[in-house]
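Descriptive analysis of the structure
Here's the letter readout for the chains.
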Amino acid sequence: MTIINHPDWDLSERGKKDAERHRKKIDEAIRKNVRDVISEESIITRKKGKTVRVPVKGLKDYRFIHGKNEKSQGKDQGEGGGEGAGQGQGQPGDVIGRKSKKAGDGKGEGKAGNQPGEDFLETEVDIDYLIEIMFEDLGLPWIEDKIKASMLVPNGWKFETISKRGILPRIHQKRTMLEAIKRNELYAKEIEDETGCDHDDALKALTQAKGDINKAIKIVNTGVIDLALDPYVIIEDDDMRYKQIEQDYELHSNAVVIAMMDTSGSMTTDKKYLCRSLLFWLNEFLKKVYDFVDIRFITHTTEAKLVDEDTFFYKGESGGTYCWTAIDKALHLIDTEYPVEEWNIYCIYVSDGDDFNGDKTIKYIEELLKRRISMFAYTEVDPGRDISGGKDQKGVFGLLWSSSNTLIRKIKSKWSFVCKSEEGTEFCKNSDKHFLISVITDKTHVYPTLKHILFKEDK
Amino acid sequence: MTKTDLQRLIKIEDRMKQIFHEDLGLTCYPIEFDIVPPQKMLEIMAYNIPTNISNWKKGRDYEIQRTRYDYAAGGLPYEVVINADPARAYLMNSNKFAVQCLVMAHVYGHAAFFTHNKFFKKSRRDIISTMKAAAERFNSYEKRFGMDEVEKTVDAGHALQFHSSPFTLSETEDEKRLRIFEQEKKKAHSRGGAYEDISGDNKVKIDEDLELFNQKLWRKLRLMTPVEPTDDILRYIIDNSTVLENWQRDILEILRMEGQYYWPIIKTKFMNEGFAVVVHEKIMNQLFEEDLLSSEDHADFNYSNALVKAENPFGLNPYLMGSAMWYDIENRWNKGLHGSDWSECADAKDKECWDTGDMKGWSKCKKVLKTHSDWFFMQEFLTPELIGDMKIYVFAAKDAGQTIDYVITKDTAKEIRDKLLNAFAQNTIPHIEVVNGNYEEKGWLALNHGWDGINLDEMYAKETMHHIAHLWGRPVVLGTKLDEESKDISWKISPTGEDKEEVSVEEELNAQSAAGWWRKAWKINSPLEQTYRRPW
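Residues numbered from 1 in each chain as written. Chains lettered and ligands numbered in written order. Predicted model: local features only at pLDDT ≥ 70, side-chain atom pairs only at ≥ 80, totals over all residues. Heavy atoms only, no water.

**Remarks on the overall build of chain B**
What counts here: Counting from the N terminus, the helices are the DSSP runs of H or I reaching at least four residues and the strands are the DSSP runs of E reaching at least two. Each residue gets one of three labels from its accessible area relative to the maximum for its type: buried under 20%, exposed over 50%, partly exposed in between, using a 1.4 Å probe on protein chains only. A contact between two residues is defined here by any heavy atoms of the two lying within 4.5 Å.
A count of helical and extended segments in chain B gives 22 helices and ten strands. Of all 536 residues assigned to chain B, the portion counted as buried reaches 53%. A separation threshold of at least 6 residues defines the contact pool for chain B, and within that pool the share at least 24 residues apart is 73%.

**Points about the overall build of chain A**
Formally: Surface accessibility follows the Shrake-Rupley procedure with a 1.4 Å probe radius. Residue values consider only the protein chains on display as shielding.
Helices and strands together make up the secondary structure of chain A, namely 13 helices and 13 strands. Going through the 459 residues of chain A one by one, you find that 44% of them count as buried. For chain A, the accessible area works out to roughly 24500 Å², and carbon and sulfur atoms hold 48% of it.

**Looking at the pairing of strand S5 (residues 403-408) of chain B**
Residues and elements named next belong to chain B. Cut-off, in case you're wondering: One bridge is not enough; two strands pair if DSSP finds at least two bridges between them.
Extensive coverage of S5 is indicated by the burial of five of its six residues. Both strand S4 (residues 392-400) and S5 contribute to a ladder of six bridges, which runs antiparallel. Pairing of lysine 398 across the sheet is with aspartate 405, part of S5.

**Observations concerning helix H11 (residues 358-370) of chain A**
Residue and element names in this part refer to chain A. To be explicit about the condition: Multiply 1.5 Å by the residue count of a helix minus one, and that product is the helix's expected span.
Spanning 13 residues, H11 covers 18 Å between terminal C-alpha atoms, matching the ideal 18 Å at 1.5 Å per step. Buried residues along H11 sit against helix H10 (323-336), strand S9 (343-351), strand S10 (375-381), helix H12 (407-414) and strand S13 (435-440). Looking one or two residues past H11, arginine 372 carries a phi angle of roughly 55°, positive in sign.

**Some points on the environment of aspartate 239 of chain A**
All names here are of chain A. When you line up the elements, aspartate 239 lands in the loop between helix H7 (213-222) and strand S6 (242-262). Each C-alpha atom of the pair aspartate 239 and alanine 180 lies 5.4 Å from the other, and the pair is 59 residues apart in sequence. The contacts of aspartate 239, once residues within four sequence positions are left out, are Thr176, Glu179, Ala180, Arg183 and Ile234.

**Looking at the confidence of the model for chain B**
Residues and elements named next belong to chain B. Going by this rule: What pLDDT reports is the predictor's confidence in each residue, on a scale of 0 through 100.
Of all residues in chain B, 87% attain a pLDDT of 70 or more, and the chain-wide mean is 81. Contacts for the low-pLDDT stretch residues 497-536, under 50 throughout, to residues beyond four places or in other chains number 75 contacts. In the predicted complex, the global pTM is 0.69; the interface-specific ipTM is 0.81.

**Comments concerning the side chain of threonine 361 of chain A**
All names here are of chain A. Stated formally: Counted as a polar contact is a pair of N or O atoms within 3.5 Å, where, for protein atoms, one must be capable of donating a hydrogen and the other of accepting one, and residues adjacent in sequence contribute only when both atoms are in side chains.
Along the chain, threonine 361 falls in helix H11. On the basis of relative accessible area, threonine 361 is assigned to the buried category, the value being 0%. A distance of 3.5 Å separates a polar atom in the side chain of threonine 361 from the backbone nitrogen of tryptophan 324. Look past the residues within four positions of threonine 361 in its chain and what remains in contact with it is Cys323, Trp324, Asp355 and Leu407.

**Re empty space enclosed by the protein**
Residues and elements named next belong to chain A. Definition in use: Note on definitions: the grid is 1 Å and covers protein atoms alone; a cavity is a set of points where a 1.4 Å probe fits but cannot get out; a pocket is an open set with protein on both sides within 12 Å along at least five of seven lines; lining residues have an atom within 4 Å of a point. Grid points are joined across faces, edges and corners, and a volume is the space filled by probe spheres set on the points. Throughout, the ten residues Ala, Val, Leu, Ile, Met, Phe, Trp, Tyr, Cys and Pro are labelled nonpolar, Asp, Glu, Lys and Arg are labelled charged, and all others, Gly among them, are labelled polar.
Taken as a whole and assessed by the stated rule, the structure comprises one cavity of 30 Å³ or more. Within this model, the largest cavity holds a volume of roughly 40 Å³. Lining the largest cavity we find Val257, Ala259, Leu279, Leu282, Asn283, Leu286, Ile295, Phe297 and Phe313. With four residues, helix H8 (residues 269-289) is the largest single contributor of residues to the lining of the largest cavity. Considered class by class, the residues forming the lining of the largest cavity number eight nonpolar, one polar and no charged.

**Let's talk about the interface of chain B and chain A**
Selection rule: Buried area, as used here, totals the accessible surface that two parts lose on assembly, with accessibility defined by a 1.4 Å probe and the loss added over both. Salt bridge, as used here: a side-chain nitrogen of Lys or Arg that lies within 4 Å of a carboxyl oxygen of Asp or Glu.
Between chain B and chain A, the residue contacts involve 98 residues of the former and 57 residues of the latter. Both faces combined, the contact of chain B with chain A buries some 7100 Å², and carbon together with sulfur accounts for 55% of it. Of all residues in chain B, the largest losses of buried area upon contact with chain A belong to Trp56, Met459 and Tyr460 of chain B, amounting jointly to 11% of the total for that side. Our count for the chain B to chain A interface comes out at four salt bridges. Here lysine 25 of chain A ties to glutamate 151 of chain B by a salt bridge, and the two come within 3.6 Å at their closest N and O atoms.

**What to know about the state of the cysteines**
Residues and elements named next belong to chain A. The condition that has to hold: Criterion for a disulfide: a pair of cysteine sulfur atoms at a distance within 2.5 Å.
A full pass over the atoms with the stated rule returns one disulfide over all chains. Covalent S-S linkage joins cysteine 419 and cysteine 428, the inter-sulfur distance amounting to 2.4 Å. Measuring handedness by torsion sign, the sulfur bridge of cysteine 419 and cysteine 428 sits at about 110° and is right-handed. Considered together, cysteine 419 and cysteine 428 belong to a single accessibility category, that of buried residues.

**Let's talk about the pairing of strand S7 (residues 294-300) of chain A**
Residues and elements named next belong to chain A. Counting buried positions along S7 yields five of seven residues, so the element is predominantly enclosed. Alignment of S7 against strand S8 (residues 304-307), held across four bridges, turns out to be antiparallel. Bridge assignment links histidine 300 to a residue of S8, and that residue is alanine 304. Counting the residues that bridge the hairpin from S7 to S8 gives three residues.

**Quick word on a nonpolar patch on the surface**
Residue and element names in this part refer to chain A. For the record, the criterion: Candidates for patches are residues over 30% relative accessible area with no salt bridge; among them, like charges are joined within 9 Å and nonpolar side chains (Val, Leu, Ile, Met, Phe, Trp, Tyr) within 5 Å.
Residues Trp157, Phe159 and Ile245 make up a contiguous nonpolar surface patch of roughly 360 Å² in combined accessible area. Tracing the sequence through the fold places isoleucine 245 in strand S6. Classification of isoleucine 245 by relative accessible area gives partly exposed; the value is 40%.

**Some words on the packing of aromatic side chains**
Condition: For this analysis, a ring pair means two rings from Phe, Tyr or Trp (six-membered ring only for Trp) whose centres lie within 6.5 Å, classed as stacked if their planes differ by under 30 degrees, edge-to-face if by over 60, and tilted for the remaining angles. Any Lys NZ or Arg CZ found within 6 Å of a ring centre and within 35 degrees of that ring's normal is scored as a charge over the ring.
All chains considered together, the criterion is met by 33 aromatic pairs over all chains. Here the aromatic rings of phenylalanine 288 of chain B and phenylalanine 301 of chain B are separated by 5.5 Å at their centres, their planes lie at 55°, and the arrangement is tilted. Placement of the pair is phenylalanine 288 of chain B in helix H11 (residues 269-289) and phenylalanine 301 of chain B in helix H12 (residues 295-308), with a sequence separation of 13 residues. In this structure, phenylalanine 288 of chain B and phenylalanine 301 of chain B share a single accessibility class: buried. Within the aromatic cluster, the residues linked to one another by ring pairs are Phe113, Phe114, Phe120, Phe275, Trp326, Trp333, Trp362, Phe377 and Phe381 of chain B. Between arginine 183 of chain A and the ring centre of tyrosine 187 of chain A, over which it is positioned, the NZ or CZ distance is 5.0 Å. Above the ring of tryptophan 362 of chain B, the side-chain terminus of lysine 282 of chain B is found at 4.9 Å from the ring centroid.

So this is what it looks like as C-alpha cells:
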C-alpha cells in the first residue's frame, strides 16, 4: 500500500484564512444593504440577546440555473415548486414534514415576489457590531455646555496615582529616585549618629557597603573607608514607585432623550412597526454610544403615560389621539426633572399625525420650542402615502404634505423649514428652532430618517 | 493511528487489491493514500482539489464543513478521492479502523469508475499539480492587482465554468469559419448539381450564381462572430473580449479547465457513488469472511455503512439509490430477468421463480460502468418495480393554514419514474449559447437560452449576466422564454464601474430577442433559391 505524506498540502490553516475572506464579504454585504437590514422586522421583535440573524444578499454562487415555471403551475401538480422526491417508509397522504409559515410581512411591499426570501444567506451578527457599521459618524447634534456639567464621559486613559506596586514598564523614575535619595540621607544620618563621622564619609561608607547600613557602620568603625570613592544613590526595592493607569473622565453636559410614540387606534400594525423600528435603533444607538444619556419613554392615546423601555417597545394600546398630551407630558418632565439650564433635551416624537385636536398640539409644540430645548424631531409615519404630488403655493417642496390633512401639514404652515428630497421622501430642518420634521412612507426610509435626526453639525 | 494499526492496514490493503483485481475483475490507476488530521480533511472537502486556489467561497464551504463536523462529532466516514494518475485518496486519522478499510475499499470503487467510464476519458490526470501552480500564480495576481479585482474575475469564472464539457471541440474561430464555409458551399452546390444536365446556358448561369453565392456567404461569415453559436461561453469570452488582461485570461482558462474536470463527476454522481458502495460492500464482506477483520470491526463497519446508506425523507441519497440500482442490474442479468422472453412472459408464477442461471450480472455491470452517465443509467435501469422496492415517493408542499405540510402524493411508480427523469433533466446546466458578439453593431454580447420547457431562474440569470458583463466590458443580452405560449424576451445587463461608458441598467428589450436576430442573420438570400424556383 502506498501511504505518502504529500508536501503539496501545507500546514498553514488555509481554510481559516479563506473563511476570514468570507466574513469580510459578509461585512461588505451588510454595509451595502443597511437599509434592508435595518428594516428587518425580526431584529426588533427578537428575543433578548446580543446577536441577530441578518439576511445578506449577494453571497451566493450565481450561475445559470433552472427555475420554476410560474405560469405552468397547476397544469400537472398544483403545487409547483414545492415538490421533491424522498425515500423511506410512508404511504400516500402521509405528512413527512411540516414548516411554519414565516411571519407575513403585512402588505407585501411593491417589489415583493421579485426576490424570494430563500435567496438570501442568513448570518448571525452581533447587534453592537451592526450599530457600529451603520451609524459611523452619527451623533447627537446641537449639544451645548450647560451650567451644571455632571455627565461623566470616558476620555481615554491617564496616569495619576502612584503606588509601590506595579510593573516595570510603568516605573515612575523621578519618584523612585526621590524615595531612594530620601532613604540614603536617612541612612547617612544614622551612620553619623552611630559613629560620629561626617556626612561625606557616611555616604561613602554606605556606597562602599552597597547600601547595607550595618556593614557601613562596621566600615566606618574599622576605618577602611575608600576615600577615593564617589558616593552614589543606591536604590532598594522599597524605593520603587510605579505609575497607576486609570480611566480618565471628562465632565460633559447632561443630555436626555425623550422618545414619544403615538399608540392610538389609528396606528395600524404597519405604522407601529415603522415607529418602533425607528425608535428601536435610536435607543440602541444611544445606549451604545452615549453611556450616560438618559432615555425616557412616553406613549400616548388620549392621555400620555411615562413608561419603561419594555412596555414602550413590546406592548400595544388603542384609543383616540391627542398628540398634545405627549408634548404636555414631556413639558412636565422637563419642568420637574430636567431643567433646561442643566440638560440638553432631545424630544423625538413619532405619530401618524391623525390628531383629534391639531391646533392645541401646535400650541404645545410652540411652548416646547420656547423652552429652548436642544431638539424637537417630529416624524410622521404613513406607509403607502403617495409622495408624488403637486407643488404648493410656497414652492417646490410642498408636495409631501399637501396630500393629507395631518399634523405635519399644520406644522409646515406654522414654521418655515429648509427641506431636501432624498430616498423618495423629504427631510426638513429649522435650525433656529432646532426643529426637524420628516415622513416615513416605506421601511427603507427608516435609515435615512435616523441619519437625519442624528446628523453631525458642520463646524 | 498507531503503528500496529498502520501495519495491519497495509496488510489488509494488499488483500483488498487482490480481491479487487481477481474476484471482481476490475482495474484502476494506482492509488496513493494520504493520512491526514480532521482539520485538513475538512479543508480538502471544502476545496475539492487539495491544491485548489484560495477564494472566499472556499472559506465559506470550509466553515460549513467544520460546523457540520463539530455538530456530528465525527461519526461520518469522510472520504475524498481525486481523479488523477496516480489517484489520490485521503484517510482521516481519527477514523476507526473498520472505517479506514471501508473508505479504502470505497476509493477502489471510485478509481475503477474514473479509469473506465467514457465520460472521464478526457479528464486531466495532472489536476493536482496544475491547480497548485495556478494557486501560486493567482496569489501573485492578488498581490499585484488587488484581491478584489482577482476575486471579481474568479467569481465570474466560477459562474460560467460548467458551460463547457471536456468533449467540446477545440476549434479556433477561423477553423470553424472555414469548416462552415465548406459545409454550406457543399450543400448549395449539391443542390445546384442536380440541374447540371440542363441546357448549357443555364449551367453558366448556375455557375455564376454559385460563385456569387460563395462570395456572399464568405463575406457574411467573415462578419459573423461567433461563426456558429457556441455553448462554450468562457472560451468565446477569453478569445474575443476586448477588455480582458492577460492575467484574467489565465484565471478564466484555469477555471474553465477546472469546470471540465468536475463535469463528468457531476454527470455521473449516482452511478459513481452507487458503484463505489457496491465495491466496498463486496470487498468488506470478503474480508469479514476471511476473518481478516474482527467482530468489533464488523460492528463499526455496519454502523458507518448504515450512515452512508441512510434514507433521506426529503431527498435521494445517491449512495443508497445508486447501489440499489447496481445490485438490481446484477441480479437481473444473473437470473436473466431481462429481454423479450421475460417481458413477454404472461405467467405470473413463471415470472416469480424465473432463473436462467446466466450469471452474467457482474459482467453486465462492468459494461454499463464504461458507457453510461446518470441520465442514461436512470433511463435504462430505473424500473417501476425498483422504485417500489426502494420506497421512493414524491412529496408536495400543501398549505395547511398555520403551517406548510409536505405530503406524499398518490403517484404510481411509473409517474414517479417520469418525474425523477424529468428532474434529472432539470438539474442539468441550462443550455445557453453565445449567438452574437457584435449585437446591434455595438459590440454587445448576445446569448440565447435554448428554452426546452423549463425556465431560467431570473434572479440568478441576471446576477450571472453581471458577471459576464464584467468580463465582456460591454452590455450583455440574454434571450429566453417564460412559458410555452409567450414570446421570446430578452434581458440586458450593462457593466458597472467608473471607467465604463454606460451605467448599470437592467432593462427588458422590447425589440426582437437575441435569438430571433440570429435566426434572421443566418438567412442569406441565396441566389439559388430565386434562380431555380422556375416553373418548369
